Amino acid sequence: MIHKFFVKVSTNINEIKILKVIRAFNQEPIIEIQRRLENKEKILETLYLDLEKLREFRKVLRSIINLGGEIHLFLDSEDDEVSLNFLDNIIASQEDTKNYIEEEDAFLHDEDE
């Protein structure tokens, strides 16, 4: 099973700005994004193990919040709502793992020489 984060967004203010932020991330037509907003459907998603996309995803979510939007973040299903802090922890963990692997690779490379 491939794990994914997805988000539902609701807003009463700055809707156009929020639409633009969402559009920049998911490249869907504005009319489709607007329909999903109105119907409170999932509007953004990203893979759990794609560190670069997760960083971008987090940035988009923070932009939406800063514009006055409300987010509901889920992992895999609507039964598993998680916090933005949980996403931050996942990103930090993946960054630590990436750094460890890079350090080990550098160490092994140095031993080979």
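One structure accompanies this document, and this report is about it. Model, not experiment: these values are computed from the prediction.

Looking only at helices and strands, the protein chain features four helices and four strands. Mapped from its N terminus to its C terminus, the protein chain presents α and β elements in the order β-α-α-β-α-β-β-α. Looking at the protein chain as a whole, 35% of its 113 residues are labelled buried. Contacts in the protein chain between residues far apart in sequence, at least 24 positions, make up 64% of those at least 6 positions apart. Per element, the accessible surface of the protein chain, about 7,400 Å² overall, is 50% carbon and sulfur. Counting 15 positive and 26 negative side-chain charges, the protein chain places the centres of these two groups 12 Å from one another.

What follows covers the packing of aromatic side chains. By the definition in use, this model includes four aromatic pairs. Seen in terms of ring centroids, Phe 5 and Tyr 48 are 5.7 Å apart; in terms of plane orientation they differ by 20 degrees. Their pairing is stacked. Placement of Phe 5 in strand S1 (residues 4–10) and of Tyr 48 in the loop between strand S2 (42–47) and helix H3 (51–66) is noted, with a sequence separation of 43 residues between them. Consider the rings of Phe 25 and Phe 57, whose centres lie 5.8 Å apart with planes at 50 degrees: the pair is tilted. Highlighted residues: Phe 25 in helix H1 (residues 15–26) and Phe 57 in helix H3, separated in sequence by 32 residues. Take Phe 25 and Phe 57: they sit in the same class, and that class is buried. In textbook terms, an aromatic cluster arises when at least three aromatic residues are bridged by ring pairs, as seen for Phe 5, Tyr 48 and Phe 86. We note Lys 42 situated over the ring of Phe 6; from NZ or CZ to the ring centre the distance is 5.2 Å.

Now for the nonpolar core. Within soluble globular proteins, side chains that are nonpolar tend to cluster in buried spots. Membership of the largest hydrophobic core comes to 27 residues, with the highest contact counts inside it found for Phe 5, Leu 44, Phe 57, Leu 61, Ile 64 and Leu 87. At the level of secondary structure, the elements contributing two or more residues to this core comprise S1, H1, helix H2 (30–38), S2, H3, strand S3 (70–75) and helix H4 (84–112). Counting residues per element, this core draws most heavily on H3, which supplies six residues.

With that out of the way, let us pick up the pattern of salt bridges. Tallied over the full model, the rule gives 12 salt bridges. Close ionic contact of Arg 35 with Glu 41 constitutes a salt bridge, the shortest N to O distance being 3.0 Å. Here Arg 35 falls in the partly exposed class, since its relative accessible area comes to 33%. A residue is classified by how much of its surface remains accessible, and Glu 41, at 29% relative accessible area, is partly exposed. A salt bridge links Arg 58 to Asp 88; the shortest N-O distance between them is 3.4 Å.

Thresholds, definitions, all that
- Residues numbered from 1 in each chain as written.
- Predicted model: local features only at pLDDT ≥ 70, side-chain atom pairs only at ≥ 80, totals over all residues.
- Heavy atoms only, no water.
- Helix = DSSP H or I, 4+ residues; strand = E, 2+ residues; numbered from the N terminus.
- Buried < 20%, exposed > 50% of the residue type's maximum accessible area, 1.4 Å probe, protein only.
- Contact = heavy atoms within 4.5 Å.
- Areas by Shrake-Rupley, 256 points an atom, 1.4 Å probe, with all protein chains shown as cover.
- Lys, Arg positive; Asp, Glu negative; His and termini not counted.
- Charge placed at Lys NZ, Arg CZ, Asp CG, Glu CD.
- Phe/Tyr/Trp six-rings, centres within 6.5 Å; stacked < 30°, edge-to-face > 60°.
- Lys NZ or Arg CZ within 6 Å of the ring centre and 35° of its normal.
- Core = buried A, V, L, I, M, F, W, Y, C linked by side-chain atoms within 4.5 Å.
- Salt bridge = Lys/Arg side-chain N within 4 Å of Asp/Glu carboxyl O.

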